[in-house]
Each structure stands twice: as C-alpha cells, then as structure tokens.
Amino acid sequence: MLIRKGNKVQVITGSYKGTVGEVLKAFPKENKVIVEGVNVVKKHQKPTQQNPEGGIIEKEAKIHVSNVALYDEKAKTAGKVGIRIETDKDGNKVKVRYFKKSGNEIKDKK
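(A) Structural view of the packing of aromatic side chains. Here the structure, examined in full by the defined rule, presents zero aromatic pairs. Sitting over the ring of Phe27, Lys62 keeps its end group 4.2 Å from the ring centre. One Lys or Arg, Arg84, reaches over the ring of Tyr98 and ends 4.3 Å from the middle of that ring.

Have a look at this one:
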C-alpha cells in the first residue's frame, strides 16, 4: 500500500469524488484508510463516564484505498505513484515514492 498516514489524498470515486483530505489512519492489512472529512457516518453512542450525555456523533469511516489517489500539491492533481531506489549520503539504498506524471518526490512526515 503506497498511501500512508499524513498523506494528502483525493477521492476518485463515490459520493465524495473530488474531495481532498489528509489520511488520519491507514489499515494496510485491510487495504483501507480513514480520510479527514470523507465517508462521514452517524453513530449512536450510549452514555458513558467520558461522555455522560451519549447521543448521535459524526465520525469518519474507513474507505477502500482503491477509491483514493495521492494528491500532488505542486501540480494540483491526483496521480499514480511509483517507487524508485536511490542511494543516500551514506551509500545506503533507499526506496523513494514519486509521482509518475510530474516526477515530484513524495515527502514523508516523520
């Protein structure tokens, strides 16, 4: 899975098509992600000690990773991602993600 937590993605299918948001959480074993402001569902919650009132809350649900594409902020488009192997300053080989169309490198937030 080439999409990670903190990446900007654009929804490419479904009722939220065209929406750009940040990945809040990634589930690589399920091939699903939670995107900020996408697939918002209402959940009925019982009263608890943390939330004594309970009620109906809105939260983001998982969306399949095939329905989103990484968003290139420089080119202002969503695109396909490739991996190339480069050497760093120490001479170690490192995998680098990049956009195939523009060639821009994807920076990881660490």
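(B) Inspection of the environment of Ile63 at higher detail. In this fold, Ile63 is placed in strand β6 (residues 63-64). By relative accessible area, which is 11% here, Ile63 ends up buried. Spatially, the C-alpha atom of Ile63 lies 8.7 Å from that of Asn31, the residues being 32 residues apart in sequence. Those residues within four positions of Ile63 in sequence are excluded, and the remaining contacts are Val11, Asn31, Lys32, Val33, Val35, Val38 and Val68.

(C) Just the nonpolar core, in detail. Ile3, Val9, Val33, Val35, Ile63, Val68 and Leu70 are the most contacted members of the largest nonpolar core, which totals 14 residues. Of all the secondary structure elements, the ones that give two or more residues to this core are β1 (8-11), β3 (32-35) and β7 (68-72).

(D) How the structure looks around the pairing of strand β9 (residues 81-87). In this structure, β9 lies alongside strand β10 (residues 93-99), joined through seven bridges in antiparallel fashion. Paired with Val81 across the strands is Phe99, a residue of β10. Taking the residues that link successive antiparallel strands as the turn, the β9-β10 hairpin has five residues, and the phi of Gly91 there is positive, at about 90°.

Calculation rules
- Residues numbered from 1 in each chain as written.
- Predicted model: local features only at pLDDT ≥ 70, side-chain atom pairs only at ≥ 80, totals over all residues.
- Heavy atoms only, no water.
- Phe/Tyr/Trp six-rings, centres within 6.5 Å; stacked < 30°, edge-to-face > 60°.
- Lys NZ or Arg CZ within 6 Å of the ring centre and 35° of its normal.
- Helix = DSSP H or I, 4+ residues; strand = E, 2+ residues; numbered from the N terminus.
- Buried < 20%, exposed > 50% of the residue type's maximum accessible area, 1.4 Å probe, protein only.
- Contact = heavy atoms within 4.5 Å.
- Core = buried A, V, L, I, M, F, W, Y, C linked by side-chain atoms within 4.5 Å.
- Pairing = 2+ DSSP bridges.

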